[in-house]
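Structural description and commentary
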Protein chains: 2
Amino acid sequence: MSFTSDDSVGLVTPQKFSFEQPLQLECGRVLPRFDIMVETYGTLNADHSNAILICHALSGHHHAAGYHHAEDKKAGWWDSCIGPGKAIDTNIFFVVAINNIGGCHGSTGPTSPNPENGNRPYGPDFPLVTVRDWVKTQKMLSERLEINIWHAIVGGSLGGMQALQWSIDYPDHLHNCVIIASAPKLNAQNIAFNEVARQSILSDPDFHHGRYLEQDSYPKRGLILARMVGHITYLSEEAMKQKFGRDLKSGKFMYGFDVEFQVESYLRYQGEQFSRNFDANTYLIMTKALDYFDPAREFEGSLTDALAQTKCRFLLISFTTDWRFSPARSQEIVNALITHHKPVSYMDIEAEQGHDSFLFPIPLYVKTLRNFLTSSLQPIHEA
Amino acid sequence: MSFTSDDSVGLVTPQKFSFEQPLQLECGRVLPRFDIMVETYGTLNADHSNAILICHALSGHHHAAGYHHAEDKKAGWWDSCIGPGKAIDTNIFFVVAINNIGGCHGSTGPTSPNPENGNRPYGPDFPLVTVRDWVKTQKMLSERLEINIWHAIVGGSLGGMQALQWSIDYPDHLHNCVIIASAPKLNAQNIAFNEVARQSILSDPDFHHGRYLEQDSYPKRGLILARMVGHITYLSEEAMKQKFGRDLKSGKFMYGFDVEFQVESYLRYQGEQFSRNFDANTYLIMTKALDYFDPAREFEGSLTDALAQTKCRFLLISFTTDWRFSPARSQEIVNALITHHKPVSYMDIEAEQGHDSFLFPIPLYVKTLRNFLTSSLQPIHEA
């Protein structure tokens, strides 16, 4: 795979969109201004009816497909599904991928200068943002891009929660909503894992109450631990068994605390890599946004009532071995939609990769996604 | 419940058994001498045929039942199952509970004086011990107690692994083997969770390469994190949902990193409590013993072959919502025993408490355990 292959979007250049107006957030605080990093793939058609918004998950960002330069070895995080002829076909659609505020890939977040504090990095002073806040900024971006109605809003995991929130908050502004490997809210076990990740970071002496950048420090140990525990929940028990089993790195027990089992080596490596490229405050913000998400909350706990005002078609996809957000969690959304006779398709895809399945080009999954997105193209054909 | 209730073993006094001979360990090292802390409940009969050995799990010890003093609020860790008229009936049986070496409750372990280092605490110099090492020391204790054949050896989780190892290593010295909520070996996911717990401790700056006692320090943060992540795996998703759901401590979102959800409060409290009473080096040792356990390993991976030489009756018990050691893991042992026509009973108990179920007096579980233990009492009746 490279940027010259037939099904790659090729070389892409991120763009920054600046919003110089105050943003009222759900937590009660106001962000004086903000930037959103964006990448687009494909071409917007004349009547702006072929746009698809990609919402990212916990560690995602705007670089969802293609390559940044000719020597780039790694494509965008969802390159398996976005490109010419792929599930989200850039020959047909204009695809917009963003980095949410609070992130650490160029959009305004904890590493950005705080204009209210002499442009020192926000750090822990960056407000806790919610899925609803993100959707609000995504709507502002839509207006900037002159996209009044998205052909589809698509997201996996935390990204699926944003797609769901769009269908509730802006029902007239999307035709299709695709929610993959997601849930209508976290359960106690999900929150518990997030809490372990947060405590790993918060209790790291190098965290310095979140002001590590100003201290020329970094809570590397905490971030590694947070990622390790997260990573376990992204993989299925079966996938780990097949990938590592009880394989030993040196072929025998060493009776010490260096790496003995291959799975230890893998987790340490993943944690280490992640800790180099991710901001600890952003990790905290993302896990809190997950915890807070619960659109049924202001409808006295009724997801059915929360979804009553939606107008789009829905596609829900879950994966058989996903235990972070099990198929039952997707089915909660499906059932709530069915109660109101909303148009919803649902597919539980046989897959071994657990929660991470949504990042893999599993044939039935790709086909389901592609068929759903292209099966309501009337507005585009009329254009 | 108190020490005066009818079904309590009442006040108990721990005893220390000292072994002043060198102990060859599986890792290749030798322990010059060791102590084992023991509690006993009930009365040993004349022909010493009514003895039951209780093997403990990761954080367990010799105080399995009863109370240490009149004001003691908390009974031993398995008081729900050990006592007059209970599943392990002290009116019938002489019950022996121990603390394994490497532990931190009085048996020789990392906090004990190291005679080879001027009696400074062993700390990280305490050798990594295995399930087989523990079983070897338990056999030595049996000889000291003049118990040639145990009526039963019983254990849950890591304790069940010790019972299983007994049946292989000393087939002539137990009549019954009871393995509860256990597994024939850890899988990659189990090892991964243990590795997160270990890295939490090892990366805590207060760990001081394991010499924290000499530094008047303590890796409290690491131990809290290790326990938090462990605790999640002990509870079922359903139990957490029922116990905490998404309940908020203050009734509303606070948009900060203090406790918001009840489940966070619970986990932090559990971690905090645990960190006060447990030694970090012991935690490391226990998780490694779990990782190493794999009796099939020296039989080219064949559990069936490993169990060929066993002579006792087996009872396997699993719990429907246990995802740390799922029912399928118990069934691996059952199936291996059936292949060799070994006498094995198996019960998968409907229970909501996940892995922790083995600590609860669930009626069908208690009845199953009691019936199995009392259904082969001929030797006792003949006495």
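Residues numbered from 1 in each chain as written. Chains lettered and ligands numbered in written order. Predicted model: local features only at pLDDT ≥ 70, side-chain atom pairs only at ≥ 80, totals over all residues. Heavy atoms only, no water.

Bringing the overall build of chain A into the picture now. Helix and strand counts for chain A come out as 11 helices and 14 strands. Since a compact globule built from 383 residues should have a radius of gyration of about 21 Å, the 21 Å found for chain A is in line with a globular shape. Considered along the principal axes of its C-alpha atoms, chain A spans approximately 70 × 50 × 50 Å. The buried share of chain A, taken over its 383 residues, is 60%. Within chain A, contacts between residues separated by at least 24 positions form 72% of all contacts whose residues are at least 6 apart in sequence. Surface summary for chain A: the accessible area is close to 14200 Å², and the carbon and sulfur share equals 49%. Averaging the coordinates of the 33 positive side-chain charges in chain A and doing the same for the 43 negative ones gives two points 3 Å apart. (Helix = DSSP H or I, 4+ residues; strand = E, 2+ residues; numbered from the N terminus. Rg over C-alpha atoms; globule rule 2.2 N^0.38 Å. Buried < 20%, exposed > 50% of the residue type's maximum accessible area, 1.4 Å probe, protein only. Contact = heavy atoms within 4.5 Å. Areas by Shrake-Rupley, 256 points an atom, 1.4 Å probe, with all protein chains shown as cover. Lys, Arg positive; Asp, Glu negative; His and termini not counted. Charge placed at Lys NZ, Arg CZ, Asp CG, Glu CD.)

As a further point, take the sheet that holds strand β11 (residues 150-156) of chain B. Residue and element names in this part refer to chain B. On the basis of which strands lie adjacent, the open sheet formed by 8 strands has the order β1-β4-β8-β5-β11-β12-β13-β14 and mixed pairing. With partners counted over all chains shown, the strands left at the sheet margins are β1 (15-19) and β14 (344-349), one partner each. Taking the axes of each pair of neighbouring strands and ignoring which way they run, one obtains an average angle of 20° across the sheet. By the bridge criterion, 5 bridges tie strand β4 (residues 34-41) to strand β8 (residues 94-99) in an arrangement that is antiparallel. Paired with E39 across the two strands is A97, which belongs to β8. Its contacts with the sheet place helix α10 (residues 363-374) against β5 (51-55), β11, β12 (174-180), β13 (313-319) and β14, and it is angled at close to 175° to β13. (Pairing = 2+ DSSP bridges. Axes fitted to C-alpha atoms, helices over the stretch in contact; angles between N-to-C directions.)

Okay, the relation of the copies chain B and chain A next. Note that the two copies of the chain are related through a rotation about an axis and a translation along the same axis. Expressed as a screw transformation, the operator carrying chain B onto chain A has a rotation angle of 180° and an axial translation of 0.0 Å, and the superposed copies differ by an RMSD of 0.0 Å. Such values leave the two copies arranged in the relation of a two-fold axis. Looking at the interface residues of chain B, 100% of them are also at the interface in chain A, so both copies use one shared face. (Least-squares fit on C-alpha atoms with pLDDT ≥ 70 in both.)

Moving on to the UniProt feature "site: Important for acyl-CoA specificity" (unreviewed entry) in chain A. Residues and elements named next belong to chain A. The UniProt record marks R324 with the feature "site: Important for acyl-CoA specificity" (unreviewed entry), using the residue numbering of this structure. Relative to the helices and strands, R324 resides in the loop between β13 (313-319) and α9 (327-339). Beyond its immediate sequence surroundings of up to four residues, R324 is in contact with L58, N190, N194, T233, Y234, L290 and H355. (UniProt positions renumbered as here; feature names shortened; annotations may be inferred.)

The partner chain A presents 53 residues to the 53 residues of chain B that form the contact. Carbon and sulfur atoms make up 68% of the surface buried where chain B meets chain A, a total of about 4800 Å² over both sides. Here chain B is connected to chain A by 8 salt bridges. With a shortest N-O distance of 2.7 Å, A:K288 and B:E260 are connected by a salt bridge. Here chain B and chain A share 19 residue pairs in polar contact (both at pLDDT 80 or more) between them. Among the secondary structure elements, those contributing two or more residues to the side of chain B that touches chain A are α3 (188-202), α4 (220-234), α5 (237-243), α6 (262-277) and α7 (280-292) of chain B. Counting residues per element, the side of chain B that touches chain A draws most heavily on α3(B), which supplies 11 residues. (Buried area = accessible area lost by both parts, 1.4 Å probe. Salt bridge = Lys/Arg side-chain N within 4 Å of Asp/Glu carboxyl O. Polar contact = N/O pair within 3.5 Å; in protein donor to acceptor, adjacent residues only side chain to side chain.)

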